[in-house]
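# Survey of secondary and tertiary structure
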Amino acid sequence: MLFAKSDEDLAYVISKEMAHNVLGHAKTLQNTRTATTLIDNLLHTPPRLTASATGLKPMPKKFDIDADTLSLAMALRGGYEIDDATRFWKRLAYRFPATNARNYTALHPATSARLETMPQSITRIKAIDKRRKALAKPK
């Protein structure tokens, strides 16, 4: 929260986590981790080492891209501008590199695919929102 320069910046992070929840990513990852541990136990092999001291692994790239897209739509629908979202995520990744396992970006790596996809998503989301507003009945 101290890194966020505006309510918009904070909205990007909150909507991103909300999007992961709406898309069921945490549950999917938990189910995968449980199945992996069960298989390891059945095979009498030691459980796989976790990526960090917290036992949390980075979000898969597809999950992060999907959550980015939904979170941008959620932020826009919440009344926030989304044009600076890509810049915000780049700035966050620079300030808090994924090489430190305790950083937010270690769990949500700012992969080139995410940052390349985001401007296209913003354009598409804004076009959909513009059409939705045009179809809305005047008050």
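Preceding block: the structure.
Predicted model only: the values in this text are computed from it and were never measured.

## Brief notes about the nonpolar core
Within the largest apolar cluster, 13 residues are counted, with the highest numbers of intra-cluster contacts made by L72, I82, A85, W89, M118 and I122. The set of elements that each furnish at least two residues to this core consists of α3 (61-77), α4 (85-95) and α6 (112-135). If we ignore the near neighbours within four places in the chain, the residues touching I122 are L72, I82, D83, A85 and T86.

## Things to note about α3
Under the 1.5 Å per step criterion, the end-to-end length of α3 is 24 Å for 17 residues, consistent within 8% with the ideal 24 Å. Regarding α3, the residues found buried are F63, D64, I65, A67, D68, T69, S71, L72, A75 and L76. At the exit of α3 stands G79, carrying a positive phi of roughly 95°.

## Focus: the environment of A26
Within the secondary structure layout, A26 lies in helix α2 (residues 25-42). Separated by 33 residues in sequence, A26 and M59 place their C-alpha atoms 9.1 Å apart.

## Focus on the packing of helix α1 (residues 7-22) against α4
Geometry of a packed helix pair, given as the angle between the helix axes and the separation of the axes. Taken N-terminus to C-terminus, the directions of α1 and α4 make an angle of 85°; their axes are 10 Å apart at the nearest point. Comparing their axes, α4 and α1 come out roughly perpendicular. Seen from α1, the contacting residues are D9, Y12, V13 and K16; seen from α4, they are A85, F88, W89 and R91. Classifying every residue of the contact of α1 with α4 gives five nonpolar, no polar and three charged.

How each quantity is defined
- Residues numbered from 1 in each chain as written.
- Predicted model: local features only at pLDDT ≥ 70, side-chain atom pairs only at ≥ 80, totals over all residues.
- Heavy atoms only, no water.
- Core = buried A, V, L, I, M, F, W, Y, C linked by side-chain atoms within 4.5 Å.
- Buried < 20%, exposed > 50% of the residue type's maximum accessible area, 1.4 Å probe, protein only.
- Helix = DSSP H or I, 4+ residues; strand = E, 2+ residues; numbered from the N terminus.
- Contact = heavy atoms within 4.5 Å.
- Expected span 1.5 Å × (residues − 1).
- Axes fitted to C-alpha atoms, helices over the stretch in contact; angles between N-to-C directions.
- Parallel < 35°, antiparallel > 145°, perpendicular 65-115°, else oblique.
- Nonpolar A, V, L, I, M, F, W, Y, C, P; charged D, E, K, R; others polar.

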